[in-house]
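Chain by chain, the residues:
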Amino acid sequence: MSCGGSGGGNASTGCCGGKPVSKDSINPSSAGDVHDSVKDYYGKRLQGSDDLKTSACTTGASAMPKYIRQAIAEVHDEVVSRYYGCGLVVPQILKNTHVLDLGSGAGRDCFIVSKLVGESGSVVGVDMTEEQLEVARKHIDYHTEKFGFSKSNVAFRHGYIEKLGDAGLQDNTFDVIISNCVINLVPDKEAVLRESYRVLRDGGELYFSDVYSSDVVSEELRRDAVLWGECISGALHWEELITLAERVGFATPRLVRAAPIAMNTDDLTAKLGDLKFASATYRLVKVPASVQVASTPQCVEYDGTAENVADELEFDCRISFPAKKQVAVSAPVAAILQSSRFSRHLAFAPVAKDQVIAGAESDLNPFALLAESPEPSSGGGGCCSQPKKIKAPNESSACCAPSGATSKGCC
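Residues numbered from 1 in each chain as written. Predicted model: local features only at pLDDT ≥ 70, side-chain atom pairs only at ≥ 80, totals over all residues. Heavy atoms only, no water.

Student: Provide a residue-level description of the overall build of the chain, including the pertinent values.
Tutor: When you go through the chain residue by residue, the secondary structure sums to 13 helices and 13 strands. The burial tally for the chain puts 58% of its 411 residues in the buried class. The contacts of the chain with a sequence gap of at least 6 include a subset with a gap of at least 24, amounting to 79%. (Helix = DSSP H or I, 4+ residues; strand = E, 2+ residues; numbered from the N terminus. Buried < 20%, exposed > 50% of the residue type's maximum accessible area, 1.4 Å probe, protein only. Contact = heavy atoms within 4.5 Å.)

Shown next, in the form of structure tokens:
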């Protein structure tokens, strides 16, 4: 149920694209009203990507790593043709993990991730549109054979992403949850985050891209059915995401990247007034209570051994870890890393006195990130415009105290 899954856009331009919905107004507080509109569009109106009326939500495959492009190339043509979104929102280091895709649609992303996690990993896709799920299930055997697996590692469940228990998903099951432009279409976003937290294992993460507003969207705009289809009316103010995530139990979200969303018509621009919208990717990590947050910053070194991540491990818009180089991070960031699946590839040591810490704790605002490096919009914008990821100056050169394994610091 997304730009990237099923049950997303209903209008003629913007993040999700497509045809206008038949109703001019919906009740944004009614899950049934929103669900019915979304299911009708993706289940019955769209038959393929050619039915979309915009290319605003399209990004070139060249923006993806080679191993991702290779995986996409192996997905069945019918599955690809029923994919109404763009890009691929997945974190690094997925081998042997158990992944959940919220709003999986016809299964394109699930099949890609199926190859990335390998036969010992697993992928579950949840979607509320039976027509899309039928396409996905029809091609499970094809991808099992294509990837050379002895048995399938992917399954699809019918259900709503704010009610994962109804889809049979148990507590503490998944290492990673992915989602691409889906949560903005759900009225009860806190329920989605709460359910995600429940089904994640300790140290697991929700890694997702969605649309956010620069201020709270008015009730009048939230009742506009066309703007729901544009992925606009249901957008959270970015500060609301931070509040909801922490209320549910996640560590403070980390902003990974952001992209501007441009409005293509004067009428739409006038209707939205001073409101701005951006697509942003965040990672929300379930840090277990057993993890002790260090009282001081930590120096972190990535060993460079993770599959498909030889050169640099990406964490957020400010912090990344070049292989064999040490980076100083704050104590909360160190706690996230120590509890995550990345930890087996990382070494931790105390930070030398007065060393610069990479990544400010306040780097959560996608609009501030975009303002740091303004670029002319190339057109429609949308949830899959080329994203911005700005690293802190010299973030990989902060000198750290010697570790127990060496007498040298990181300089």
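Student: Give me helix 5 (residues 130–138): which residues, what numbers.
Tutor: Of all the positions in helix 5, only Gln-132, Leu-133, Val-135 and Ala-136 are classed as buried. Looking straight down helix 5, one finds that the buried residues subtend no more than 155 degrees of arc, so they occupy a single side. Opposite the packed face of helix 5, turned more than 90 degrees from it, sit the exposed residues Glu-134 and Lys-138. (Arc of directions from axis to C-beta.)

Student: For the pattern of salt bridges, give the residues involved together with the corresponding values.
Tutor: Tallying each qualifying case throughout the model produces 18 salt bridges. The salt bridge partner of Glu-314 is Arg-257, with a shortest N-O separation of 2.6 Å. A residue pair is termed long-range when its members are at least 10 positions apart, and Glu-314 in strand 10 (residues 312–314) and Arg-257 in strand 7 (residues 254–261) qualify at 57 residues. Neither Glu-314 nor Arg-257 differs from the other in exposure class; each is buried. Notably, a salt bridge pairs Asp-363 with Arg-318, separated by 2.8 Å at the nearest N-O pair. Linking Asp-363 in the loop between strand 13 (346–350) and helix 13 (366–372) with Arg-318 in the loop between strand 10 and strand 11 (320–322), this pair joins segments that are 45 residues apart in sequence. For Arg-318, a relative accessible area of 11% corresponds to the buried category. Each of the salt bridges in this network shares a partner with another, and the network as a whole consists of Asp-171, Glu-195 and Arg-198. (Salt bridge = Lys/Arg side-chain N within 4 Å of Asp/Glu carboxyl O.)

Student: So what's going on with the packing of helix 2 (residues 66–73) against helix 4 (residues 108–117)? Residues and values would help.
Tutor: Two elements in contact, helix 2 and helix 4, have axes separated by 9 Å at closest approach and are oriented at 120 degrees. Relative to helix 4, the element helix 2 lies oblique. Crossing handedness for the pair helix 2 and helix 4: right-handed. Here helix 2 contributes Tyr-67, Ile-68, Ala-71 and Ile-72 to the contact with helix 4, which in turn contributes Arg-108, Ile-112, Lys-115 and Leu-116. Its residues assigned to classes, the contact of helix 2 with helix 4 comprises six nonpolar, no polar and two charged. (Axes fitted to C-alpha atoms, helices over the stretch in contact; angles between N-to-C directions. Parallel < 35°, antiparallel > 145°, perpendicular 65-115°, else oblique. Left-handed = near helix turned anticlockwise from the far one by under 90°. Nonpolar A, V, L, I, M, F, W, Y, C, P; charged D, E, K, R; others polar.)

Student: Before we move on, can you summarise the sheet that holds strand 13 with the specific residues and values?
Tutor: Read across the open sheet, the three strands follow the order 12-9-13; overall the sheet is antiparallel. For this open sheet the edge positions go to strand 12 (326–329) and strand 13, each flanked by a neighbour on one side alone. The sheet shows a mean angle of 30 degrees between the axes of neighbouring strands, direction not considered. Inspection of the sheet shows strand 9 (residues 298–302) paired to strand 13 by five bridges, in the antiparallel sense. The partner of Gln-298 across the bridge, within strand 13, is Pro-350. Lying over the sheet, helix 12 (residues 331–339) contacts strand 9, strand 12 and strand 13, oriented at roughly 150 degrees with respect to strand 13. (Pairing = 2+ DSSP bridges.)

Student: Can you tell me about unusual backbone geometry, naming the residues and giving the values?
Tutor: With a phi angle near 65 degrees, Asn-96 is a residue other than glycine that sits in the positive phi range. Here Asn-96 is to be found in the loop between helix 3 (77–81) and strand 1 (98–102). Look at Asn-96 and you get partly exposed, because its relative accessible area is 43%. Despite not being glycine, Lys-324 has its phi angle at roughly 65 degrees, a positive value. One can find Lys-324 in the loop between strand 11 and strand 12.

Student: A description of the side chain of Ser-233 should follow, citing residues and the corresponding values.
Tutor: Structurally, Ser-233 can be placed in the loop between helix 9 (225–229) and strand 6 (236–237). At a separation of 2.5 Å, a polar atom in the side chain of Ser-233 contacts the main-chain carbonyl oxygen of Leu-221. At 3.4 Å, the side chain of Ser-233 forms a polar contact with the backbone oxygen of Asp-224. Filtering out sequence-adjacent residues up to four positions away, Ser-233 remains in contact with Val-217, Leu-221, Arg-222, Asp-224, Leu-227 and Trp-228. (Polar contact = N/O pair within 3.5 Å; in protein donor to acceptor, adjacent residues only side chain to side chain.)

Student: Tell me about the nonpolar core, residues and numbers included.
Tutor: For soluble globular proteins, the rule of thumb is that nonpolar side chains tend to be buried together. With 38 residues, the main nonpolar core has Leu-100 and Tyr-282 as its most contacted residues. Sort the elements by how many residues they give to this core and helix 10 (residues 238–248) lands first, with six residues. (Core = buried A, V, L, I, M, F, W, Y, C linked by side-chain atoms within 4.5 Å.)

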